Amino acid sequence: MNEFQGKRVVLGVTGGVAAYKAAELVRLLVKAGAEVDVALTAAGAQFVGAATFQALTGRRVWQALWDERMDNGMAHIGLTRGAAALLVAPATADFLAKLAHGFADDLLSTVCLARDCPLLVAPAMNRQMLENSATQRNVAQLRADGVSILGPAHGEQACGEVGEGRMLEAAELLDDLHAFLQPKPMSGKRVLLTAGPTFEMLDPVRGLTNSSSGKMGFALARACVEAGAEVTLVAGPVALATPRGVRRIDVQSAVQMGDAVTLALPGQNVFIGVAAVADYRPQKTSAHKIKKGPSSLTLQLDANPDILAEVAARPDAPFCVGFAAESQDLAANAEGKRVAKKLALVVGNLVQDGLGGDTNAVTLFDAAGAHVLPPGDKSEVARGIVAHIARLMEKQLGQH
Ligand code: CTP
């Protein structure tokens, strides 16, 4: 994945134990295609040496205020020119205090003050230092000044205590930074999604299900968060981590999924049905394991509610999006579903292109016709779908 291709990130490292995670973050950023310039404070260098960051970035590390590498000797001005973001991770209590008051007595604090790009900080400190009203005041001031605060998380701390103040993990910081840099066409919107398969219980050890991995729905949920939306994800049984910033509700059966959707629906602007909902459920669920009997067994099945069609049929229906995974006749089947379920948009794909894997090739069907998205990674495809939804909603607004 080259999610940071063509982007330069300036990473400030201050003096906290979590500086070791900054080294891992640099590795992940470089792997994702970013150019990384590290600005290391004197205290930061006590924890992780410049040689480590230099080896990981392939670039020299910035430490001195009067570094002669900048033509005019003004590293504090030049370093963030053209950078996508300046992230300070870890940001100690002392550094937050300096930032909040505009001190500029070393290279990094001066770079922050003279920056030409957005500033994000990932606090890392002992829980009492974080809870201290001075720190709380500084964090509130930084927020008011437009600085993005990433984390901190709850957990075990280097001092042996447990509480709030632990720096986010490198992968979480990478996710948050990536989300921060995405366009925000869904800002202020609330999105509800279903994802994954459903599992219709037959007896305590068996059930009817399907082979949906949930990956497309989870990628869409993440793309919606990145686009600025508030996201609720109703998930069938899948083994996937919840995307950062998503509220997740786990369910098993189609009926449970429908109930969870009904509960979460008020106030939603968009509903996206990505789940592969089982169309039928066993008429009876046996309390005990069904024992092997004669040579054949007949199961009686009842139809499950069509969650998406029911949501779309409501008088106060949000903007509704469906998925159509087909094995043949994609255009006819997908457009048929769009019209039958009264949807603004259907995302169609051939099962052989997407099922279970990390990539997908989809075509979007809306009132204006079919739009083929470039095939790619599910997260890339998800971003394309979200951008299309945002454009359609914008158009709808313009018509009213
Ligand atoms: N869907 C739903 N509830 C159901 C069945 C489907 O919400 N009980 C939603 C899916 O999440 C998807 C869309 O409807 O967005 C299409 O699902 P699909 O199973 O392909 O459509 P069906 O109407 O069940 O058609 P068929 O199985 O005959 O292809």
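Residues numbered from 1 in each chain as written. Predicted model: local features only at pLDDT ≥ 70, side-chain atom pairs only at ≥ 80, totals over all residues. Heavy atoms only, no water.

**Some points on the site of the ligand**
Which entries qualify depends on this criterion: Throughout this document, a residue counts as near a molecule or strand when at least one of its heavy atoms sits within 4 Å of that molecule or strand. The term polar contact refers here to a pair of N or O atoms within 3.5 Å; inside protein, the definition further demands a hydrogen-donor-capable atom paired with an acceptor-capable atom, and it admits residues adjacent in sequence only when both atoms are side-chain atoms. Here the open area of atoms and residues is found with the Shrake-Rupley method and a 1.4 Å probe, where only the protein chains shown may cover a residue. Helix and strand assignments follow DSSP, with helices taken as H or I runs no shorter than four residues and strands as E runs no shorter than two, numbered in order from the N terminus. In this count, Pro and Cys sit with the nonpolar residues alongside Ala, Val, Leu, Ile, Met, Phe, Trp and Tyr, while Asp, Glu, Lys and Arg are called charged and the others, Gly among them, polar.
Taken together, the neighbourhood of the ligand is formed by 13 residues, with G273, A275, F323, K337 and K341 sitting nearest. Here an oxygen atom of the ligand sits 2.5 Å away from a polar atom, N or O, in the main chain of G273. A distance of 2.8 Å separates a nitrogen atom of the ligand from a polar atom in the backbone of P305. When the ligand sits alone it has 570 Å² of accessible area, and the protein chains cover 75% of it. Counting residues per element, the ones that place at least two in the shell around the ligand are α12 (307-312) and β16 (319-326). Looking at the shell around the ligand residue by residue, the class counts come to seven nonpolar, two polar and four charged.

**Topic: the packing of helix α5 (residues 93-101) against helix α8 (residues 133-144)**
The condition that has to hold: Every axis in this analysis is a line fitted to C-alpha atoms, fitted for helices over the stretch in contact. Angles between the N-to-C directions lie between 0 and 180 degrees. An angle below 35 degrees is treated as roughly parallel, one above 145 as roughly antiparallel, one from 65 to 115 as roughly perpendicular, and anything else as oblique. The sense of a crossing depends on the near helix, which, turned anticlockwise from the far helix by less than a right angle, makes the crossing left-handed and, turned clockwise, makes it right-handed. In this description, contact between two residues means that some pair of their heavy atoms is separated by no more than 4.5 Å.
Taken N-terminus to C-terminus, the directions of α5 and α8 make an angle of 50°; their axes are 9 Å apart at the nearest point. Between α5 and α8, the angle is such that the two are oblique. Note on packing geometry: the crossing formed by α5 with α8 is left-handed. Taking contact as the criterion, the partners of A93, L96, A97, L99, A100 and H101 in α5 are, on α8, T135, N138, V139, Q141 and L142. Taken together, the residues that form the contact of α5 with α8 break down as seven nonpolar, four polar and no charged.

**Observations regarding the domain arrangement of the protein**
For clarity, the threshold we go by: Where each domain starts and ends comes from a domain assignment, either automatic or drawn from a database. The term buried area denotes the loss of accessible surface (1.4 Å probe radius) that occurs when two parts are joined, taken as the sum for both partners. We define a salt bridge as a side-chain nitrogen of Lys or Arg found within 4 Å of a carboxyl oxygen belonging to Asp or Glu.
Domain parsing of the protein yields domain 1 (8-181) and domain 2 (190-399). The straight-line distance from the C-alpha centre of domain 1 to that of domain 2 is 39 Å. The partner domain 2 presents four residues to the six residues of domain 1 that form the contact. Between domain 1 and domain 2 the total buried area reaches about 490 Å² when both faces are included, carbon and sulfur atoms providing 42% of it. Together, D175, H178 and A179 form the three largest contributors to the area buried by domain 1 at its contact with domain 2, with a combined 72%. Across the contact surface, domain 1 and domain 2 share three salt bridges. Of the charged contacts in the structure, one is a salt bridge between D176 and R244, with a shortest N-O distance of 2.7 Å. Taken together, domain 1 and domain 2 are joined by three residue pairs in polar contact (both at pLDDT 80 or more).

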